[in-house]
Amino acid sequence: MTILTFLMFVLLTRQSLSLSRPQCHSCEQTSCNCSRQNHTKVPAAPSNLITELNLSFNRLGTITKKDFVAFEEIHFLFLYSVHRPYLQTLDRLETVILKNIDVPDFHMFPALLFLYRLLKVVHMSVLNCKLFAIPCDLSARLTKLEYLDISDNIFSDLALSQMMCDGKGVFLNLETFNISRNYLQSINSQLFTKLEKLENIDMSGNVFHSMPETCFWPPSLQFLNLSSTHLTKVTACLPVSLHILDLSDNALAVFNIELPFLRELYISGNKLSRLPDGPVYPGLTFLSIQNNDLHTISSDNLNSYKNLKRLEAGANTYVCSCDFVTFMTSNSANHRVTIGDGFKSYICDSPDADRGESVVDVRLSVFECHADLAFSLLCLGILAVFLLIAGVCHKFSVVWYIRMTWAWLRAKRKPKLKKGELKYDAFVSYSEMDSGWVEAHLVPELEQAEPPLRLCLHKRDFVPGDWILDNIVDAIEKSHKTLFVLSQHFVRSEWCKYELDYTHFRLFDQNDDSMVLILLEPIDKATIPKRFCKLRKVMNSRTYLKWPDDDNQIPRFWQSLRTAIETPETENGHCLMDTVDLGLRF
């Protein structure tokens, strides 16, 4: 009866103790989330299986070991934003997270008192608690600590050195260390040299400005975060053993440190104008280089990275050249490197017409993309057109017509000479090859006759030094008649064609029948070049004198010729000449 009474007393005592504690309203099989429930004491445990307890955002004061009698298996304890916690030893506690602790008098923060009771803790985070010091003798006792996060506190270089015992060897099991967003001003790698298991260090958010030329990091280090530390230059201080490096949001203009084992590089928010050299990073698989001063990316740049699989390079000042646009808009299946941040984040800064446009929306013309080829084709096209025009002009004697028209226009502007002012009776148009007949027969017969006729011959009467076309026009204008000595040589002479064309112009423009034709030898119509189309018309529409084969007819030929030159014009403008026996037509 006595034993039964004692057991009932113990049971009632435990029940009364349990009922005196508040209850947690959000528990599962192995965890309780008691945050934001306005507790002033540690709540009662619903079972002995609870391994994770969250007491954040309550009004807890002193926390003692008795408060956790029911939480015998607890491994994880979260204390966010509590008021001056006092934590005594919990034998099984492995993880402690203190965050946003309200410490009005931070210099009196009793961190050391509870840290001494956490010597068996493996993972510890003290975040944004205005923590400013951990003494060396305490650090030396935290031999089991593998993860330490003291970010968002007020550690200085001296405090860090004291916590690390000046690099003599503490936290020997530490694998991850986060001291970001504190008040460090220098990188002291010697503090970590003896931490042979250390793999990850986060020192971001401090104010370093520079780094030493050489450093002494543990060979196990694989991750280093130096983002937002105001660095303007990186040196060989970076450990060559790194697999992941974060240098984002600094002021780096150059990055070319050789890191043979690097796999991921975060270097966004700097001032880089080109990609890092690919051969220096043979193992790189991921590159983030957003928000820099890059102007272009090409397949050649990316091919220098042997193992690069993913690239994030948006928000740069890209020049949307043809190569860049072609590379970005080509079929993504052809890309060995995946664009991880989406093509829409690649915005053109130039040319001005495409500024602000996404590169995938830009459409460049052929002349912009293939300027050299387009210019060459344009030049070839212009040359071909020029050659075609030149060929047409040559075939149809366009140049001759233009020059003759110009000469005719110039002649029209001159005042017309009256009959009494004409200097010659006839201008003789003949080929140089027929000069023998002209000088031996024509000139003596006409100039030595009674009365003598005045003839204009180009060899004798043209003004030396004047343009030959001006001489031709002037000679025709100063002559009553133009005498054409027709032969096979005549139709091959370009200057004879000038003389014929101008006379033909004069015939229709001034209604002046001043042409006298002499057929020196038979001319086959088919042999007359097409450029002598006017000669064809004249020979088909006008009578002419033929040099006779019979010597007995020669005197009559000369008489008819003198008559044609001397005969005055009638009212209708036609010359009166007897061509009954001597006139022929084609």
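Everything that follows concerns the structure shown earlier in this document.
Remember, predicted model here, so these are calculated numbers, not experimental data.

Peer 1: Provide a residue-level description of the packing of aromatic side chains, including the pertinent values.
Peer 2: To describe a pair of aromatic rings, one takes the distance between the centres and the angle between the planes. Counted according to the given criterion, the structure contains twelve aromatic pairs. Judged by centre distance (4.7 Å) and plane angle (20 degrees), the rings of Tyr318 and Phe324 are stacked. Judged by relative accessible area, which is 0%, Tyr318 ranks as buried. Centroid distance Trp437 to Trp547: 5.3 Å. Interplanar angle 80 degrees. Geometry classified as edge-to-face. With Trp437 in helix H10 (residues 435-447) and Trp547 in the loop between strand S23 (545-546) and helix H15 (554-566), this residue pair connects regions lying 110 residues apart in the sequence. The two residues Trp437 and Trp547 agree in class, both being buried. Of the aromatic side chains, those joined through ring pairs into one cluster are Trp437, Trp547, Phe557 and Trp558.

Peer 1: Could you give an account of the state of the cysteines, with specific residues and numbers?
Peer 2: Scanning the entire structure with this criterion turns up five disulfides. The side chain of Cys24 participates in a disulfide bridge whose partner is Cys34; the two sulfur atoms lie 2.2 Å from each other. The sign of the -120 degrees torsion about the S-S bond sets the Cys24-Cys34 disulfide as left-handed. Of this pair, Cys24 sits in the loop between helix H1 (2-20) and strand S1 (31-33) while Cys34 sits in the loop between S1 and strand S2 (52-54), and the two are ten residues apart along the sequence. Cys24 gets classed as buried once you look at its relative accessible area, which sits at 13%. Two residues share a disulfide in this structure: Cys27 and Cys32, whose sulfurs sit 2.1 Å from each other. Its torsion about the S-S bond being 115 degrees, the disulfide of Cys27 and Cys32 is classed as right-handed. Given a relative accessible area of 30%, Cys27 falls into the partly exposed group. For Cys32, a relative accessible area of 3% translates into the label buried. Going through the protein chain in sequence order and numbering each bonded cysteine, the pairs you get are 1-4, 2-3, 5-6, 7-8, 9-10.

Peer 1: Which residues make up the side chain of Ser204, and what values do they have?
Peer 2: By secondary structure assignment, the location of Ser204 is in the loop between strand S10 (200-202) and strand S11 (223-225). According to the relative accessible area criterion, Ser204 is buried, its value standing at 6%. Excluding anything up to four places from it in sequence, Ser204 contacts Ser180, Arg181, Asn225, Ser227 and Thr229.

Peer 1: Describe the packing of H10 against H15, listing the residues and the values that go with them.
Peer 2: Running from amino to carboxyl end, H10 crosses H15 at an angle of 65 degrees, the nearest separation of the two axes being 10 Å. It follows from the interaxial angle that H10 and H15 lie roughly perpendicular. For the crossing formed where H10 meets H15, the hand is right-handed. Side by side, H10 and H15 meet where Trp437, His441, Leu442, Glu445 and Leu446 of the first sit next to Trp558, Leu561, Arg562 and Ile565 of the second.

Peer 1: Report on the nonpolar core, specifying residues and quantitative values.
Peer 2: One finds Leu238 and Phe255 to be the most contacted residues of the largest nonpolar core, which totals 80 residues. Mapped onto this core, the elements with two or more residues apiece are strand S6 (95-99), strand S7 (123-127), helix H4 (157-163) and helix H6 (322-329). Residue contributions to this core peak at four residues, all from H6. Those residues in contact with Phe255, other than ones at most four positions away along the chain, are Val234, Leu238, Leu245, Leu247, Leu265, Ile267, Leu272, Pro276 and Tyr281. In terms of nonpolar packing, the next biggest core, distinct from the first, is built from 24 residues, Leu442, Leu545, Trp547 and Ile554 among them.

Peer 1: Account for the environment of Asn33, with residues named and values stated.
Peer 2: Residue position: Asn33 is located in strand S1. Taking C-alpha positions, Asn33 is 8.6 Å from Ser56, a pair spaced 23 residues apart along the chain. Not counting residues within four places of it along the chain, the set of residues in contact with Asn33 comprises Cys24, Ser26 and Asn54.

Peer 1: Please set out unusual backbone geometry residue by residue, giving values where relevant.
Peer 2: For the peptide bond that leads from Glu450 to Pro451, omega is -5 degrees, which places it in the cis range. Following the sequence through the fold, Pro451 ends up in the loop between H10 and strand S20 (455-456). Even without being a glycine, Asn128 presents a positive backbone phi close to 50 degrees. Backbone geometry places Arg181, a non-glycine residue, at a positive phi of 55 degrees. Mapped onto the elements of the fold, Arg181 is located in the loop between strand S9 (176-178) and S10. For Arg181, a relative accessible area of 40% puts it in the partly exposed group.

Peer 1: Please provide a residue-by-residue account of the environment of Leu545, values included.
Peer 2: Looking at where Leu545 falls in the secondary structure, it is placed in strand S23. For the pair Leu545 and Ala564, spaced 19 residues apart in sequence, the C-alpha to C-alpha distance is 9.7 Å.

Peer 1: Before we move on, could you go through the sheet that holds S20 and cite the residues and values that matter?
Peer 2: Spatially, the five strands line up as an open sheet ordered S20-S19-S21-S22-S23, and their pairing is parallel. Looking at the sheet topology across the chains shown, the edges are occupied by S20 and S23. Bridge analysis of strand S21 (residues 479-486) against strand S22 (residues 515-519) gives five bridges, and the strand direction is parallel. Within S22, the residue paired with Leu483 across the bridge is Val516. Sitting on the sheet, H10 touches strand S19 (424-429), S20, S21 and S22, and the angle it makes with S21 is about 145 degrees.

Definitions and cut-offs
- Residues numbered from 1 in each chain as written.
- Predicted model: local features only at pLDDT ≥ 70, side-chain atom pairs only at ≥ 80, totals over all residues.
- Heavy atoms only, no water.
- Phe/Tyr/Trp six-rings, centres within 6.5 Å; stacked < 30°, edge-to-face > 60°.
- Buried < 20%, exposed > 50% of the residue type's maximum accessible area, 1.4 Å probe, protein only.
- Helix = DSSP H or I, 4+ residues; strand = E, 2+ residues; numbered from the N terminus.
- Disulfide = S-S within 2.5 Å.
- Contact = heavy atoms within 4.5 Å.
- Axes fitted to C-alpha atoms, helices over the stretch in contact; angles between N-to-C directions.
- Parallel < 35°, antiparallel > 145°, perpendicular 65-115°, else oblique.
- Left-handed = near helix turned anticlockwise from the far one by under 90°.
- Core = buried A, V, L, I, M, F, W, Y, C linked by side-chain atoms within 4.5 Å.
- Pairing = 2+ DSSP bridges.

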